[in-house]
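Listed here are the chains, written in short residue letters.
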Amino acid sequence: MEGIFRGGSESDDEIFLQQANDEDEYHYSSSSISKLQFRKELSRARWVDGMGMAEVIEKKGQIWVTTGIVRNGKTYCSIEEILFFMEVGALCLVDDNDTCICLEDIYKKIEGKMGAYCLELFDVYRHLKSLGYIVGRHGTAWSLKAVKSTCRPVSLQVSEESSEVMTLGSADKLSIIELFGTMQINDMMPVFDVYLPNSRFRKSSPGTVHLPKPKLKSLRDDVVAFL
Amino acid sequence: MAPRWKGKGAEAKALADPMSKIVAQLQSSLTQTSASGILSGCSVLIAAEAEQTDRFSRACFGRPIVTVDKDKQWFQLSLEEAFFLRYYLKCLKIEVGDISPKSDEELWHCMITRKETFSDSYKAYSHLRIKNWVVKSGSQYGVDFVVYRHHPSLVHSEYAAVLVLSEGNGNDLNGRLRVWSDFHCTTRLCGSVAKTLLVLYINRNGNFNVSPLCLEKYTVEECTVSRWSPEQCREE
């Protein structure tokens, strides 16, 4: 068969893999940085210092189907949700005096609210949310009416040492930590639960994510590749 | 490996507009407006006015955050980029939370607390930046930094840099390049993306990283690593 193993004296074929388009994010001129438009109708939320969250006092649009947690009939949103919707112009955050809190003040507030790597965790949240995923804090129920089902979401872990994000299929927190233990990756805790985009998402029954299962494919000569 | 410019005219554009000059323009703009950044986690956020936005983009510091704010463009800088603007170019103040701008020593301490290896990564970063290379995170290639001859929109990065502490005793920065298999993997990967592996050996020379003054005592040794193919050399 065609030599997958060509032996030590193979010619040094340098295959130039298609360069990641990540370099395109470095714009030479500011005019190529995209801008968002303010939405016509802004939702409003009031910051609650004691909770470290904001209580939603005015809901506009469909964003609240997949954002915020429901407790006693009220909706509260976390700092990452606040920041995300303020950045995209869908939310106005106010303090006790109904004065608008600006983005700059929120950037200062975020320090310490999500742990040491707050801004990095927010980067992850923002990235996935922008792609349409439904993202919630791991271990925090969307609603207390949530049906206890055997279905579980994918959990995203962020390492304490770096802000690299790894997706892992599976179960609950305990077995994720066990899994990490066997790989000798310690001090990693799940941070977010991530669900596929779903227009019929219900906080009372968040459901699960269809995980791409690893496939074992037989090649010739019984060589098995893990895809 | 020769630099891979992107498109016709890119090299000429770069020669006409050297990075040293672009960085100096950013420096003067930030100094004039007494610019200030917010330290949050392992990043520093800066709100740039219209003219500064262009300078940040061209000097390749930070990455822009897309928001609705029409008056300001927010940029998110790494700890190394922000500290370089503060400590070397002296054109930026940095606040932590609501507290007024920190002194260099206080800021250094904040950064070391957030990132244990900051003194080494900053030494490497500044070592290259001072020589007018553009330095960005190399995490997508599994290395510490990628290094560009000029702006990434004009040229592909030539080097993928990995930092290694010179002093042994198991005091590794990141456990990289301690076994041959890692050298092989890394050089192979670098080759596949048309970059040369650049190993930066950081020697602390016995200094502790309690203050930014230790940076003067650190030394950096550069070493490129590439595969030598005996079959390909004979004809020379």
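Going by an unreviewed UniProt entry, chain B carries the name tRNA-intron lyase and comes from Quillaja saponaria. Its UniProt record gives chain B a comment under Sequence similarities (unreviewed entry), which states: "Belongs to the tRNA-intron endonuclease family." One UniProt comment on chain B, placed under Catalytic activity (unreviewed entry), says "pretRNA = a 3'-half-tRNA molecule with a 5'-OH end + a 5'-half-tRNA molecule with a 2',3'-cyclic phosphate end + an intron with a 2',3'-cyclic phosphate and a 5'-hydroxyl terminus."

For chain A, an unreviewed UniProt entry supplies the name tRNA-splicing endonuclease subunit Sen54 and the organism Quillaja saponaria. According to the UniProt record, the Sequence similarities (unreviewed entry) comment for chain A is "Belongs to the SEN54 family."

**Student:** I'm lost on the overall build of chain A in this one. Help?
**Tutor:** Within chain A one finds 4 helices and 11 strands. Counting over 227 residues, chain A shows a buried share of 37%. For chain A, restricting intrachain contacts to residue pairs at least 6 apart in sequence, the fraction spanning at least 24 positions comes to 57%. Surface summary for chain A: the accessible area is close to 13800 Å², and the carbon and sulfur share equals 52%.

**Student:** For this particular structure, what's the right way to read the environment of B:Tyr125?
**Tutor:** Residues and elements named next belong to chain B. Checked against the element boundaries, Tyr125 lands in helix H6 (residues 118-130). Measuring from C-alpha to C-alpha, the distance between Tyr125 and Lys195 comes to 18 Å, with 70 residues separating the pair along the chain. If we skip the residues at most four places from it in the chain, Tyr125 touches Phe61, Glu80, Glu81, Phe84, Val135 and Phe145.

**Student:** Would you mind going over helix H7 (residues 180-192) of chain B with me for this structure?
**Tutor:** Because each turn of an α-helix spans 3.6 residues, side chains separated by three or four positions in sequence point in the same direction. Residue and element names in this part refer to chain B. Between its first and last C-alpha atoms H7 spans 18 Å; for 13 residues at 1.5 Å apiece the expected length is 18 Å, and the two agree. Residues Asp182, Phe183, Thr186, Thr187, Cys190 and Gly191 constitute the buried set of H7. Taken end-on, H7 shows its buried residues confined to a sector of 160 degrees, consistent with a single buried face. Exposed residues on H7 whose side chains face more than 90 degrees from its buried face are His184 and Cys185. Ala194 sits one or two positions beyond H7 and adopts a positive phi of about 55 degrees.

**Student:** Looking at this structure, I do not really get the sheet that holds strand E8 (residues 159-165) of chain B. What am I missing?
**Tutor:** Two modes of strand pairing occur in sheets, parallel and antiparallel, and in both the strands are linked by backbone hydrogen bonds. All names here are of chain B. On the basis of which strands lie adjacent, the open sheet formed by 5 strands has the order E6-E7-E8-E9-E10 and mixed pairing. The outermost strands of the open sheet, each flanked by one partner alone, are strand E6 (134-137) and strand E10 (219-225). Looking at each pair of strands side by side, their axes are set apart by 30 degrees on average, direction ignored. Of the pairings in the sheet, the one linking E6 to strand E7 (residues 145-148) comprises 4 bridges and is antiparallel in character.

**Student:** How should I be thinking about the nonpolar core in this particular structure?
**Tutor:** It is characteristic of soluble globular proteins that their nonpolar side chains tend to be buried jointly. In this structure, B:Leu39, B:Phe56, B:Phe61 and B:Leu85 are the most contacted members of the largest nonpolar core, which totals 70 residues. Not counting chain neighbours up to four residues away, the residues in contact with B:Phe61 comprise B:Val23, B:Leu26, B:Phe56, B:Phe75, B:Leu77, B:Glu81, B:Phe84, B:Leu85, B:Tyr125, B:Arg129 and B:Lys136.

Definitions and cut-offs
Residues numbered from 1 in each chain as written. Chains lettered and ligands numbered in written order. Predicted model: local features only at pLDDT ≥ 70, side-chain atom pairs only at ≥ 80, totals over all residues. Heavy atoms only, no water. UniProt positions renumbered as here; feature names shortened; annotations may be inferred. Helix = DSSP H or I, 4+ residues; strand = E, 2+ residues; numbered from the N terminus. Buried < 20%, exposed > 50% of the residue type's maximum accessible area, 1.4 Å probe, protein only. Contact = heavy atoms within 4.5 Å. Areas by Shrake-Rupley, 256 points an atom, 1.4 Å probe, with all protein chains shown as cover. Expected span 1.5 Å × (residues − 1). Arc of directions from axis to C-beta. Pairing = 2+ DSSP bridges. Axes fitted to C-alpha atoms, helices over the stretch in contact; angles between N-to-C directions. Core = buried A, V, L, I, M, F, W, Y, C linked by side-chain atoms within 4.5 Å.

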